[in-house]
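What follows is each chain in one-letter form.
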Amino acid sequence: MNTAKMKLRQLARTAGKAVLRYFPKARQKARAKWWAHEGRTYAKLTANIKTDPKVVVFSCFMGRSFADSPRAIYEALCADSRFDDYEFWWIFREDRLQQFQNDPRLARAHIVQRSTEEYQRLLGCAKYWIFNARCPEYVQPKPDQVYVQCWHGTPLKRLGYDVQVDTTNALNTTLELADRFKMDSAKWSYLISPSPFTSLHLSDAFGLEEERRPSVVLEVGYPRNDRVARACESESSLAAAREAVLSELDIPRNKKLLLYAPTWRDNDYKAGIGYVQDTLINFDLLQKELSNEWRILFRPHYYIANEFDFEKYGSFVYNAASVPDINDLYIVADALMTDYSSVFFDYAVTDRPLIFYWPDFEYYDDHVRGFYFDPHKIPGPKCTTSEEVVNAVQQLNSWQTSYGEEYKRFRKYFLPKDDGHAAERAIEHIFNLNTAQR
């Protein structure tokens, strides 16, 4: 199918979504028909394509980025001479192609545009799929293909079948979204996990059958955290990593850096725009009280469609929305502030302070998603106002004294294998290196 037709189909789908959002039964029927139609098209297109045992395809956040565990596994493969004769492909959305086509870090890879015929043929050919989000519902891997679901974080917010609140986000009821999770887990060859906690809750949330869990779940640590863990191994390695990131992103070196990374909310969706962020902190107050010592690195969730204008704050707020890999921000940030995002699990690899800003905690807990455990047990101050955040930042020098022992237990429980070598362990399993005839 040519590009023009693909674009027309995409426009039609967008218009259809806007209407079907308000008619759940019609939406479910339309979606089922669409998946069936696309599934037949995909099956027909790939029926005679042989699986190539030395082709690996990667996708991060459905083609939005070059980051996370897919990037870590790709880089580990590139560094391993046993894979010198393998062919690597990265999937990107059309609006991200220009950003990554000339990226030197992708020199070993080919690039394909998501939702094209070439992309579908590639999925039909590649032996290994390394994704960190759900693959299209209409795509079904062949028996000799290996689909590795990396997922993108340790869950704090309830997911899939674990969500106990009956909500509707942009285009899914709670049950609809859970069923889409289960469709994906039925395709998995492997699920990568960093801990027993994550193994249990991701398996439950995605409806992964009990009998499949021992063979599917790879509890090897999160490859996504390898680079940060290695950077934090020594003062010299951290200094070198920080300098590289600060230079690349052109971030000033004369101030401390607070990474502010809030998550999205299922109920904050506006037709024609997407998910919006309406619960931001008071940057005016933060600038007034903290700018002598601090700068803010603002990192919204990739779902968020707001256009943020921080021009009036000058160099005080750095909009890090377009930084491909949040690991770069973890490496340079002196502290992290978030709400209900799972980023704090990953940032904990650095052993640096956590601050929580919860302006809507009760509502979120009762009406939006709910949590797997009481977030109040996470080490760090829990703030409900911008004034409390200012106070928490000003007291960060005593953070380790207040929360250090609790932080050690937290890290041991949630990050027991995040030692910088998770990608290597994952590769050993995925490619069956102990028994495969290479």
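Rules behind the numbers
- Along each chain, numbering runs from 1 in the same order as the chain's sequence is written.
- Reporting in this predicted model follows two pLDDT cut-offs: at least 70 for local features of residues, and 80 or more for side-chain atom pairs to be given and counted; totals over whole chains, interfaces and linings ignore these cut-offs and use all residues.
- Each side-chain value is derived from all of the structure's non-hydrogen atoms; neither hydrogens nor water enter the calculation.
- Paired strands are those between which DSSP finds at least two bridges.
- Numbering goes from the N terminus for both helices and strands, where a helix is a DSSP run of H or I of at least four residues and a strand is a run of E of at least two.
- We count a salt bridge whenever a side-chain nitrogen from Lys or Arg sits within 4 Å of a carboxyl oxygen from Asp or Glu.
- Relative accessibility decides the category of a residue: with a 1.4 Å probe and only protein chains considered, values under 20% of the type maximum give buried, values over 50% give exposed, and everything between is partly exposed.
- The pocket and cavity definitions rest on a 1 Å grid over protein atoms only: a 1.4 Å probe that fits but cannot leave marks a cavity, an open set with protein on both sides within 12 Å along at least five of seven lines marks a pocket, and residues lining either have an atom within 4 Å of a point.
- Grid points are joined across faces, edges and corners, and a volume is the space filled by probe spheres set on the points.
- Polarity classes work like this: nonpolar for Ala, Val, Leu, Ile, Met, Phe, Trp, Tyr, Cys and Pro, charged for Asp, Glu, Lys and Arg, and polar for all others, with Gly in that last group.
- Should any heavy atoms of two residues lie within 4.5 Å, those residues are counted as being in contact.
- Axis definition: a line fitted to C-alpha atoms, over the contacting stretch in the case of helices. Angles run 0 to 180 degrees between N-to-C directions.
- Orientation categories follow fixed angle ranges, with anything under 35 degrees roughly parallel, anything over 145 roughly antiparallel, 65 to 115 roughly perpendicular, and all other angles oblique.
- Put simply, a crossing is left-handed when the front helix is turned counterclockwise from the back one by less than a right angle, and right-handed when it is turned clockwise.

**Looking at the sheet that holds strand β14 (residues 354–357)**
And then number 1: Taken together, 6 strands build an open sheet; the order of strands is β12-β11-β8-β13-β14-β15 and the sheet is parallel. A single partner strand is all that each edge strand has here, and the edge strands are β12 (317–319) and β15 (382–383).

**Things to note about the pattern of salt bridges**
And then number 1: One pass over the full model with this rule turns up 26 salt bridges.
And then number 2: The partner of Glu-248 in a salt bridge is Arg-105, with the nearest N and O atoms 3.9 Å apart. Residue Glu-248 is located in helix α10 (residues 235–249), and its partner Arg-105 is located in the loop between α4 (97–101) and β3 (109–113); the two are separated by 143 residues in the primary sequence.
And then number 3: Across the pair Arg-134 and Glu-137 runs a salt bridge, and its minimum N-O distance is 2.9 Å.
And then number 4: Classification of Glu-137 as buried rests on a relative accessible area of 15%.
And then number 5: One connected set of salt bridges, linked through shared partners, spans Arg-71, Glu-75, Arg-227, Asp-325 and Asp-328.

**Considerations on empty space enclosed by the protein**
And then number 1: The final tally for this structure, using the stated rule, is 1 cavity of 30 Å³ or more.
And then number 2: Empty space within the largest cavity amounts to approximately 70 Å³.
And then number 3: Considering the residues around the largest cavity, the lining is formed by Ser-59, Phe-61, Met-62, Ile-91, Arg-114, Tyr-119, Phe-131, Asn-132, Ala-133, Arg-134, Cys-135 and Pro-136.
And then number 4: A class-by-class count of the residues in the lining of the largest cavity yields 8 nonpolar, 2 polar and 2 charged.

**Let's talk about the layout of surface pockets**
And then number 1: Volume-wise, the second largest pocket comes out at about 250 Å³.
And then number 2: If you trace the second largest pocket, you find 22 residues lining it, with Ala-72, Glu-75, Ala-76, Arg-230 and Ala-423 closest to the centre.
And then number 3: Elements represented by at least two residues in the lining of the second largest pocket include exactly α3 (68–78), α9 (226–231) and α17 (422–430).
And then number 4: It is α3 that provides the largest number of residues to the lining of the second largest pocket, a total of 5 residues.

**Comments concerning the environment of Leu-297**
And then number 1: Mapped onto the elements, Leu-297 comes out in strand β11 (residues 294–298).
And then number 2: In the structure, Leu-297 is positioned 35 residues away from Val-332 in sequence and 9.8 Å away in space, judged by C-alpha atoms.
And then number 3: For Leu-297, the contacting residues outside a window of four places in its chain are Ile-251, Leu-257, Leu-258, Leu-259, Tyr-260, Tyr-318, Leu-329 and Val-332.

**Some points on the packing of helix α11 (residues 283–290) against helix α15 (residues 386–394)**
And then number 1: α15 packs onto α11 with a crossing angle of 30° between their chain directions and a minimal axis gap of 10 Å. Judged by the inter-axis angle, α11 sits roughly parallel to α15. Where α11 crosses over α15, the handedness of that crossing is right-handed. For the pair α11 and α15, contact is made by Leu-285, Leu-286, Glu-289 and Leu-290 and by Ser-386, Glu-387, Val-390, Val-393 and Gln-394, respectively.

**Thoughts on the pairing of β14**
And then number 1: Side chains Leu-354 and Phe-356 project from β14 onto one buried face, and the interleaved Ile-355 and Tyr-357 project onto a second face that is buried too.
And then number 2: Summarising the sheet, strand β13 (residues 335–338) and β14 pair through 3 bridges and their orientation is parallel. Within β14, the residue paired with Met-337 across the bridge is Ile-355.
And then number 3: Alignment of β14 against β15, held across 2 bridges, turns out to be parallel. By the bridge assignment for β15, Phe-356 is matched with Lys-382.

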